[in-house]
Amino acid sequence: MFPCPLAQPFEPTASLEFAIFNDGVPSSVFYGMHPEHDIVQHIPGDAIEELFPPTADDLSELEAADDFVETMAWLSYLDEQEEQARLNFAG
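On a predicted model such as this, the values are computed, not experimentally measured, just so you know.

Definitions and limits used
- The residue numbering used here restarts from 1 in each chain and proceeds along that chain's sequence as written.
- In keeping with the model being predicted, local features are shown solely for residues with a pLDDT of at least 70 and side-chain atom pairs are shown and tallied solely at 80 or more, while totals for entire chains, interfaces and linings include all residues.
- Only hydrogens and water are set aside when side-chain values are computed; all heavy atoms of the structure are taken into account.
- Helix numbers and strand numbers start at the N terminus; a helix is a DSSP run of H or I with at least 4 residues, a strand a run of E with at least 2.
- Only protein chains enter the accessibility calculation, which uses a 1.4 Å probe. A residue is then buried if its area is under 20% of the maximum for its type, exposed if over 50%, and partly exposed in between.
- Here the accessible surface of atoms and residues is derived via Shrake-Rupley with a 1.4 Å probe, and residues count as covered only by protein chains that are part of the display.
- For patch building, the residue pool is restricted to those with more than 30% relative accessible area and no salt bridge; the joining distance is 9 Å between like charges and 5 Å between nonpolar side chains (Val, Leu, Ile, Met, Phe, Trp, Tyr).
- Any carboxyl oxygen of Asp or Glu that lies within 4 Å of a side-chain nitrogen of Lys or Arg is treated as forming a salt bridge with it.
- Only four residue types enter the tally: Lys and Arg on the positive side, Asp and Glu on the negative side; His and the chain ends are excluded.
- All charge positions are set by atom: Lys at NZ, Arg at CZ, Asp at CG, Glu at CD.

**Regarding the overall build of the chain**
Okay, step 1: Looking only at helices and strands, the chain features three helices and two strands.
Okay, step 2: Each helix and strand of the chain, ordered N terminal to C terminal, gives the series β-β-α-α-α.
Okay, step 3: Across the 91 residues in the chain, those meeting the buried criterion constitute 2%.
Okay, step 4: Counting every atom, the chain has about 8,800 Å² of accessible surface; 61% of that belongs to carbon and sulfur.

Here it is in structure tokens:
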């Protein structure tokens, strides 16, 4: 099934400000602008890390994600270099 080109575009009715996740599941979702949200949004990262230190699993997952991003960036660079070499060789 293909989307109809004449269909109205999706426009959400409320904007999601932020969500608090617990083991990958959103446990609190805050919509709209309320003064209480400013308190939660402005907690510094250092304070969060001090109160909730990352576990060994969290650290290994972050390291794996960093390695993946670095590998993808390197592959993108190599792809660009290969494309440039093909253009220069052909032309």
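Right, picking up where we left off after that structure.
**Remarks on a negative patch on the surface**
Okay, step 1: Negative charge collects at one region of the surface, where Glu63, Asp66, Asp67 and Glu70 lie side by side.
Okay, step 2: Assignment of secondary structure puts Glu70 in helix α3 (residues 56–90).
Okay, step 3: Take Glu70: its relative accessible area is 58%, and that puts it in the exposed class.

**What to know about the pattern of salt bridges**
Okay, step 1: Counted by the stated rule, this structure contains one salt bridge.
Okay, step 2: For Glu82, the salt bridge goes to Arg86, with nearest N and O atoms at 2.8 Å. Residue Glu82 and its partner Arg86 are both found in helix α3; the two are separated by four residues, about one turn of the helix.
Okay, step 3: We classify Glu82 as partly exposed; its relative accessible area is 39%.

**Description of a nonpolar patch on the surface**
Okay, step 1: The grouping of Phe68, Val69, Met72, Trp74, Leu75, Tyr77 and Leu78 at the surface amounts to a nonpolar patch, some 730 Å² of accessible area in total.
Okay, step 2: Of note, Val69 is situated in helix α3.

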